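Chain by chain, the residues run as shown.
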Amino acid sequence: MNSSPHRFQFEILSRDPESHARCGRLWTAHGPVDTPVFMPVGTQATVKAMTPAELQEAGVAMILGNTYHLHVRPGAETVEHCGGLHGFMGWSGPILTDSGGFQVFSLARLRKIRDEGVEFNSHVDGRRLFIGPREAMDIQSRLGADVAMAFDECPPYPCDYEYACNAVRRTLQWSAVCAKAPRPAAQALFGIVQGGRYADLRRQCAAGLVEQGFDGYAIGGVSVGEPQEVLLEAVAATSACLPPERPRYLMGVGMMGQILAAIEQGVDMFDCVMPTRLARHGSAFTGRGHYAVRNAVWRSDRRPLEEGCGCYACRNFSRAYIRHLLNVGEILGVRLLTIHNLFCYMEFMRAARAAVAEGRFRQFKAEFDRRLAEAGTVY
RNA sequence: GUGGGUAUAGCUCAGUUGGUUAGAGCGUCAGAUUGUGGAUCUGAAUGUCGCGGGUUCGAGUCCCGUUACCCACC
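The structure presented is a predicted model; accordingly, all values stated were derived computationally and were not measured. (Residues numbered from 1 in each chain as written. Chains lettered and ligands numbered in written order. Predicted model: local features only at pLDDT ≥ 70, side-chain atom pairs only at ≥ 80, totals over all residues. Heavy atoms only, no water.)

Colleague: When you look at the protein's contact with RNA strand B in this model, what are you seeing that I'm missing?
Modeller: Around RNA strand B, 36 residues are found, and the nearest of them are Gln103, Ser223, Thr276, Asn295 and Ala296. Across the atoms of RNA strand B situated within 4 Å of the protein, the share located in sugar and phosphate is 59%. One of the side-chain N or O atoms of His69 is found 3.1 Å from a phosphate oxygen in RNA strand B. Separating a base oxygen of RNA strand B from a side-chain N or O atom of Arg280 is a distance of 2.4 Å. Those elements giving two or more residues to the surface near RNA strand B turn out to be strand S5 (63-66), helix H5 (101-106), strand S14 (269-272), helix H11 (274-280) and helix H13 (319-327). Here the surface near RNA strand B gets five residues from one element, more than from any other, and that element is H11. (Near = heavy atom within 4 Å. Polar contact = N/O pair within 3.5 Å; in protein donor to acceptor, adjacent residues only side chain to side chain. Helix = DSSP H or I, 4+ residues; strand = E, 2+ residues; numbered from the N terminus.)

Written as structure tokens, this is what we have:
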């Protein structure tokens, strides 16, 4: 299978007999990645508060970078000059870069959508910028990501049928341009399925992208404020239309329960700000949800953040100490919490992969849902 | 000992010539957070207004006494 190690490949290792869940391996220019995988978000060429060594110790295999943010600051030329994203940030593992479509629609103001791309004002200093499919591919080539994403239009929620239909049309046009654009030989390219909550648009968009031919396919346009039910329906409707031999990537998701529901539908890749952002906001994840570390009940608690956890923070520090650091605004508090949350997510994914490989995924998911349902205040 | 000042939520303090159910910030508690703005938002709980008496239709507010603390003086 691994005849040409510098070329992106996806290999399916095992399938769950009772669902669409599967275990696989992505072969990238910077090494293999076991799936289902969770990729922490490193928007601005850093997973906030973490060194690459700390990411590795937490079990992180692959991370995200962001075209939009790195284009605004410091610029793709600078990153390219400093060794590409890998050299620039000192991370030698695989990197996936988001195309910037999402940020153009979530951050930029006064944007103007044309068929060639999107003109918008920088959220940092207001200057006029433009990103279209060619620009997105050029930036991602310079960044040197292992996996690049096609430029897409991410509509808001809710959005009516006509709006979603237009977003699909434009996404397909832009994806076609991306597919033909020059890029490094070792760089994979994924297309992004849009279509809002309309199953027929999802099917149509997926079919169009498959015809164009991509290394993998992403489910986009979710985690934009829709109810969980709508999210899961979109995942089910889209995943079923995607070629089983290619990796499926659910963008921006999410909570552990949502991840399991998506794995069940055959999704292989995930990313979300949840573990890192909630860490900075003072929440610790556990196998049954998350809790506020700053709460006064933990003032004198000598237990680790999560009993039985093997992360650096839990092996060395008490809940009371980390709470203290957070309360006085010390940087270390956020760092330790981020280390723990990432470790927690990585362990969760490891357990999910094992469950799929051993053919007991449904049971694993049922146990998780039950634990979550009965979670009280005891962690 | 004398004179002056202060006392209101866990903390720091507002509180109008006496007038509805005494407020704010912080803290506490709960929630939100999804292809990252270390951001932000929402909601809740908490009062013997130091204590005792008086004046008044009505006192956190005015008067008397008292206690604690602070400052100055002796």
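Now that the structure has been shown, we can carry on.
Colleague: I keep staring at the nonpolar core and nothing clicks. Help me out?
Modeller: General note: in soluble globular proteins, nonpolar side chains tend to be found buried as a group. Counting 95 residues, the largest nonpolar core has Leu250, Ile263 and Phe270 as its most contacted members. No other element matches helix H14 (residues 331-357), which puts 13 residues into this core. Once residues lying within four places of it in the same chain are set aside, the contact partners of Ile263 are His20, Ala21, Pro36, Phe270, Met349, Ala352, Val356 and Phe361. Counting residues in each nonpolar core, the second largest holds 19 residues, with Val33, Leu96, Val147 and Tyr249 among its members. (Core = buried A, V, L, I, M, F, W, Y, C linked by side-chain atoms within 4.5 Å. Buried < 20%, exposed > 50% of the residue type's maximum accessible area, 1.4 Å probe, protein only. Contact = heavy atoms within 4.5 Å.)

Colleague: Honestly, H13 in this entry has me stumped. Any pointers?
Modeller: An α-helix turns once per 3.6 residues; consequently, residues spaced three or four apart project the same way. For H13, the full list of buried residues reads Arg319, Ala320, Ile322, Arg323, Leu325 and Leu326. Against the buried residues of H13 lie strand S16 (289-292), helix H12 (312-316) and H14. Following H13 by one or two positions, Gly329 has its phi on the positive side, about 75°.

Colleague: Explain the pattern of salt bridges here, please?
Modeller: Side chains that carry opposite charge are capable of pairing whenever their charged atoms lie near each other. One pass over the structure, following the stated rule, counts 21 salt bridges. Residue Arg128 pairs with Glu119 through a salt bridge whose shortest N-O separation is 3.0 Å. Between Arg360 and Glu358 there is a salt bridge whose closest N-O contact spans 2.8 Å. Judged by its relative accessible area of 31%, Arg360 is partly exposed. With relative accessibility at 53%, the residue Glu358 sits in the exposed group. (Salt bridge = Lys/Arg side-chain N within 4 Å of Asp/Glu carboxyl O.)

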